[in-house]
Amino acid sequence: MPSTSAPPDKAARKSQRSAAPANKLARTGKPAPRSLEKRLAVLKARLAEVADLEAASAVLGWDQATYMPRGGVTCRGHQLATLDRIAHEKFTDPEIGRLLDGLAPALEARGIEDLDHALVRVTRRDYERAIKVPEALVSRLSMHANAAYAAWTDARPANDFDAMRPHLENGVALARELSAVLGRSQHVMDPLIDRAEPGMTVQSISELFASLRAPLVALADAAKSCTPTDSACLHQHYPEAKQLAIGLRMAEHFGYDLTRGRQDLSPHPFCTTFANGDVRITTRVKPNDLSEALFSTLHEAGHAMYEQGVAPALDRTRLQGGTSPGVHESQSRLWENIVGRSEGFLGHAYPLLQKQFPEQLKRIPFKTFYRAVNRVAPSLIRTDADELTYNLHIMIRFDLECRLLDGRLQPRDLPEAWAELYARDLGVTVPSHADGCLQDVHWFSGPVGAAFQSYTIGNILSAQFYAAAVAKHPAIPTEIASGKFATLHGWLRDNIYRHGRMFDPADLVERATGGPMSTAPYLSYLTAKYEALAEMRRGG
């Protein structure tokens, strides 16, 4: 199913039985005596076919999550599995391996910024990974995702963990199987993490989380010690149609191009890309919570602007899309939080919200509304969490994923383990499975593991990218407060979006910010924001 991060890597396919011969042919076969330009044209034509099949699969996934009748679930699973299998067969064809081996040395001298050099380099990495994965596993992964997602849409509102337990067990088993074929590692989740965030491991992510936990907890404790924030203004009746309209209007002002996109409803918000000219988002609405649809829309619009900003020349190639889920998430979190929840933007947007919802907001002072939007309080639901406690939700999930995959935690015991960690780390009591381990779709729409850490990586990078943009264009905060976003959007497009997958995440961060990923800008941003909010509360 589509996700809220970069489109999933669909290059993890092919049977073990045929993988070794294919790999051998790719290494020993000699390319036909064609010119460099002709061999590149052949490779691009083959990759375009694969991209078209993957896009067709994504369309079916979007339809299932939005408009498909319930009776179509079983057949849709077969349709998706067939498309994924055919795409995999075409991508792992030995001829692609021969083309890549012949082109790589010929393009090496062009350097990392050359489009054709990047195409061959990235495609070769995807190909090497893809030929390791059995074709049968590709089909089983696709069928599992379809069946589990459909079951989850019923099980969560019914609070029925027992209905999802077999799907969770299957997802764990598939993740272990996928990890085994991808390669040996120190931890079973390492190959899955590396597939999403190249070069990262359980150990490096654990160290990253450890460096964040203490300062985040200290900031959250300080915020909670202030006078409690009243968020009642957000929890009135807000008509659904009006919520959707104002959220989409704000996303369009940010830069989401509706001539190349649209918004629909789904049980779990996501962004999906079929082509540079067709990038769609979904949201969900709570009639008694203004923040749900509004910030989900701004979040998914951040993903969508990234996809729409990829250079059109990368369409239908392996360079299309975001370079990693973490970098992708940095854009959704930047536009949702750093811009969308800022005092400057909300000060500009509040008169529009009051006009849209006069009965609900006309007597509510702006400072009350702003504090409510940025209220700090432990929560049960990850997507409802404030900026200071959000990453604790991610750390809990990462811990549980590691334990599920290495066998220290059995799927049947997940609800109890979940409740224990939420009581320990957030001080909240989990009242139901729906508000506990069933709240996220991720474990029930694919193999378990290596998804959640990208959200915290995205938070870290969102502040680092924003700081770099402001360093280049100091007027950005003032422009945001005036409802102008073109300078920020343009910097992101030029430094991140247009490159697609041309550069690995570490290279992209270095190029855009002048240094490696760092938690310092993120912690500085949070400290400044929440100290100012505390002062605002003290001043009334």
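To be clear, the structure that these remarks concern was listed above.
Engineer: Break down the sheet that holds strand E3 (residues 278-283) for me, citing the residues and quoting the values.
Structural biologist: Ordered by their spatial adjacency, 3 strands build an open sheet running E1-E3-E2, and the pairing between neighbours is mixed. The open sheet has two edge strands with one neighbour each: strand E1 (263-265) and strand E2 (271-275). Mean inter-strand twist for the sheet, computed between neighbouring axes without regard to direction, equals 25 degrees. The pairing of E1 with E3 spans 3 bridges and is parallel. Residue pairing across strands places glutamine 263 opposite isoleucine 281, the latter belonging to E3.

Engineer: Outline the pattern of salt bridges, supporting the account with residue identities and numerical values.
Structural biologist: The tally for this structure, following the rule as stated, stands at 34 salt bridges. The salt bridge involving arginine 341 is made with glutamate 336; its shortest N-O contact spans 3.1 Å. In this structure, arginine 341 and glutamate 336 share a single accessibility class: buried. Residues joined by salt bridges that share partners form a network here, namely Lys44, Arg110, Asp114 and Asp116.

Engineer: Hey, could you go over unusual backbone geometry for me, with residue numbers and the actual values?
Structural biologist: Most peptide bonds take the trans form, and the phi angle of most residues other than glycine is negative. Phi at asparagine 159 is positive, roughly 60 degrees, even though this residue is not glycine. Here asparagine 159 shows up in the loop between helix H6 (135-158) and helix H7 (161-182). The phi torsion at arginine 316 lies on the positive side, around 65 degrees, for a residue other than glycine. The topology assignment puts arginine 316 in the loop between helix H11 (290-309) and helix H12 (325-339). Residue arginine 316 is classed as partly exposed on the basis of its relative accessible area of 42%.

Engineer: So, the side chain of histidine 187: which residues are in play, and what are the values?
Structural biologist: Positionally, histidine 187 belongs in the loop between H7 and helix H8 (190-196). A polar contact of 3.0 Å, which involves the side chain of histidine 187, links it to the backbone nitrogen of methionine 189. A polar side-chain atom of histidine 187 sits 3.1 Å from a polar atom in the side chain of aspartate 406. Beyond its immediate sequence surroundings of up to four residues, histidine 187 is in contact with Val202, Cys402 and Asp406.

Engineer: Before we move on, could you go through helix H16 (residues 390-406) and cite the residues and values that matter?
Structural biologist: Counted at 1.5 Å a residue, the expected span for H16 with its 17 residues is 24 Å, and the 25 Å between its end C-alpha atoms agrees. Summarising burial for H16: 15 of the 17 residues are buried, a large majority. One or two steps after H16, the chain reaches glycine 407, where phi turns positive at roughly 90 degrees.

Engineer: Please provide a residue-by-residue account of the pairing of E3, values included.
Structural biologist: Regular strands place side chains that alternate from one sheet face to the opposite one. Burial analysis of E3 places 5 of its 6 residues in the buried class, the great majority of the element. Where E2 and E3 come together, 4 bridges link them in antiparallel fashion. Of the residues in E3, the one forming a bridge with threonine 273 is valine 279.

Engineer: Quick one: what's the story with the nonpolar core, residue by residue and with numbers?
Structural biologist: Residues Trp335, Phe345, Phe369, Phe465 and Leu488 are the most contacted members of the largest nonpolar core, which totals 155 residues. Not counting residues within four places of it along the chain, the set of residues in contact with phenylalanine 465 comprises Val327, Ser330, Gln331, Leu334, Trp491, Leu492, Ile496, Val509, Ala512 and Thr513.

Engineer: Can you explain the layout of surface pockets? Please cite residues and give values.
Structural biologist: Unoccupied space between atoms shows up once a probe the size of one water molecule is rolled over them. A volume near 740 Å³ is recorded for the largest pocket. Listing elements by their share of the lining of the largest pocket, those giving two or more residues are H11, H12 and helix H15 (366-373). Ranked by residues supplied to the lining of the largest pocket, first place goes to H11 with 6 residues. For the lining of the largest pocket, the class distribution of residues is 12 nonpolar, 12 polar and 14 charged.

Engineer: How would you sum up the packing of H11 against H12? Please name residues and give values.
Structural biologist: For the pair H11 and H12, interaxial distance at closest approach is 7 Å and the crossing angle is 135 degrees. By the angle class used here, H11 and H12 are oblique. Crossing geometry of H11 relative to H12 is assigned as right-handed. Between H11, through Phe295, Leu298, His299, Gly302, His303, Met305, Tyr306 and Glu307, and H12, the contact on the second element is made entirely by Val327, His328, Glu329, Gln331, Ser332, Arg333, Trp335 and Glu336.

Reading guide: rules and limits
Sequence order sets the numbering: in each chain, residues are counted from 1 along the sequence as written. Predicted model: local features are reported for residues with pLDDT of at least 70 only, side-chain atom pairs are reported and counted for 80 or more only, and whole-chain, interface and lining totals are derived from all residues. As a rule here, side-chain values come from all non-hydrogen atoms in the structure, and water together with hydrogens is ignored. Two strands pair if DSSP finds at least two bridges between them. Counting from the N terminus, the helices are DSSP H or I runs at least four residues long and the strands are E runs at least two residues long. To obtain an axis, a line is fitted to C-alpha atoms, over the contacting stretch when the element is a helix, and the angle between two such axes runs from 0 to 180 degrees between their N-to-C directions. The working definition used for a salt bridge is a side-chain nitrogen of Lys or Arg within 4 Å of a carboxyl oxygen of Asp or Glu. Burial classification: accessible surface area is computed with a 1.4 Å probe over protein chains only, and a residue below 20% of its type maximum counts as buried, one above 50% as exposed, and the rest as partly exposed. Side-chain atoms alone can form a polar contact between residues adjacent in sequence; in general such a contact is a pair of N or O atoms within 3.5 Å, and within protein one must be able to donate a hydrogen while the other accepts it. What makes two residues a contact is simply this: any of their non-hydrogen atoms within 4.5 Å. In a helix, the anticipated span is given by 1.5 Å times the number of residues less one. Nonpolar cores are built from buried Ala, Val, Leu, Ile, Met, Phe, Trp, Tyr and Cys residues. Side-chain atoms within 4.5 Å join them into one set. The definitions used throughout rest on a 1 Å grid laid over the protein atoms alone, on which a cavity is an enclosed set of points accommodating a 1.4 Å probe that cannot get out and a pocket is an open set flanked by protein within 12 Å on both sides along at least five of seven lines; lining residues are those having an atom within 4 Å of a point. Grid points are joined across faces, edges and corners, and a volume is the space filled by probe spheres set on the points. Gly falls in the polar group here, along with every residue not listed as nonpolar (Ala, Val, Leu, Ile, Met, Phe, Trp, Tyr, Cys, Pro) or charged (Asp, Glu, Lys, Arg). Any angle between 65 and 115 degrees counts as roughly perpendicular, while under 35 counts as roughly parallel, over 145 as roughly antiparallel, and the rest as oblique. Each helix crossing is assigned a hand: it is left-handed if the near helix lies turned anticlockwise from the far helix by less than a right angle, otherwise right-handed if that turn is clockwise.

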